[in-house]
Amino acid sequence: MSIKRKFILTLKEIEKIVNTTNLDSRGKVKEILKFLRKNFEKYNWIGIYLLQGDKLFLYEYEGNRETQHKVISLDKGLCGLAAREKRIINVSDVSLNPYYLECFPETKSELVVPIFKDGIVIGEIDIDSYKLNAFDSNDEWFISKVANLISEII
């Protein structure tokens, strides 16, 4: 199966989670993150941060352990950069990026995609991978679509 096809099928499954009536918003987000991590091996840690004032607060995550970065100022890290500049940040080798805030020593690549509501950044999806060069334009497209779906429930 091509990666594009897998992304499209996954989006249909995520839409089902978004539209389910037996979970609250946080439960839906948790299920989406579990589904993503289970279906995409290179998505080693996935977090949703919500923007409040000039800080990002960890809302929910899926990974082997919790990050120490539960609150991130907009002037810090790749997460702050993505929210501040309202754009996707895709870093193929975090060891070479001066903005990178280390969460886990195993992390090699990071993808941060803003979540927009009515054209305003309300949060972001942060994905760490233990592989170098883990994310490409297909991942950016896909996670942007996931961000759009998540914006409907938070």
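Here's a quick rundown of the structure. (Residues numbered from 1 in each chain as written. Predicted model: local features only at pLDDT ≥ 70, side-chain atom pairs only at ≥ 80, totals over all residues. Heavy atoms only, no water.)

## Focus: the overall build of the protein
Link 1 in the chain: Along its length, the protein carries four helices and six strands.
Link 2 in the chain: Helices and strands appear in the protein in the N-to-C order α-α-β-β-β-α-β-β-β-α.
Link 3 in the chain: For the protein, the C-alpha radius of gyration of 14 Å lies close to 15 Å, the compact-globule estimate for 154 residues.
Link 4 in the chain: Along the first, second and third principal axes, the C-alpha atoms of the protein reach 40 × 40 × 30 Å.
Link 5 in the chain: Buried residues in the protein amount to 47% of all 154 residues.
Link 6 in the chain: Put simply, the protein has 23 plus and 23 minus side-chain charges, and the middle of one group is 3 Å from the middle of the other. (Helix = DSSP H or I, 4+ residues; strand = E, 2+ residues; numbered from the N terminus. Rg over C-alpha atoms; globule rule 2.2 N^0.38 Å. Buried < 20%, exposed > 50% of the residue type's maximum accessible area, 1.4 Å probe, protein only. Lys, Arg positive; Asp, Glu negative; His and termini not counted. Charge placed at Lys NZ, Arg CZ, Asp CG, Glu CD.)

## Quick notes on the nonpolar core
Link 1 in the chain: With 29 residues, the main nonpolar core has Tyr43, Ile125 and Val146 as its most contacted residues.
Link 2 in the chain: Within the residue set of this core, elements represented by two or more residues are α1 (3-19), α2 (25-39), β1 (45-52), β5 (109-117), β6 (120-129) and α4 (137-151).
Link 3 in the chain: Per-element tally for this core: the top contributor is α4, with six residues.
Link 4 in the chain: Contact partners of Val146, with chain neighbours within four places excluded, come to Leu11, Ile14, Ile32, Leu36 and Ile125.
Link 5 in the chain: Counting residues in hydrophobic clusters, the runner-up holds 20 residues, among them Leu78, Val91, Val94 and Val112. (Core = buried A, V, L, I, M, F, W, Y, C linked by side-chain atoms within 4.5 Å. Contact = heavy atoms within 4.5 Å.)

## Topic: the side chain of Glu62
Link 1 in the chain: Mapped onto the elements, Glu62 comes out in strand β2 (residues 55-62).
Link 2 in the chain: Among the residues examined, Glu62 registers a relative accessible area of 15% and is labelled buried.
Link 3 in the chain: A polar contact of 3.2 Å, which involves the side chain of Glu62, links it to the side chain of Lys30.
Link 4 in the chain: Beyond its immediate stretch of four places on either side in the chain, Glu62 contacts Lys30, Leu33, Lys34, Arg37, Asn44, Trp45 and Ile46. (Polar contact = N/O pair within 3.5 Å; in protein donor to acceptor, adjacent residues only side chain to side chain.)

## So, the pairing of β5
Link 1 in the chain: Judged by how many residues are buried, β5 sits mostly within the fold: seven of nine residues are covered.
Link 2 in the chain: Across three bridges, the pairing between strand β4 (residues 89-91) and β5 is antiparallel. For Val91, the partnering residue across the bridge sits in β5 and is Glu110.
Link 3 in the chain: One ladder, built from nine bridges, connects β5 with β6; its direction is antiparallel. Note on β6: the bridge partner recorded for Phe116 is Val121.
Link 4 in the chain: Linkage of β5 to β6, two consecutive antiparallel strands, is achieved through a turn of two residues, within which Asp118 is found at a positive phi near 55°. (Pairing = 2+ DSSP bridges.)

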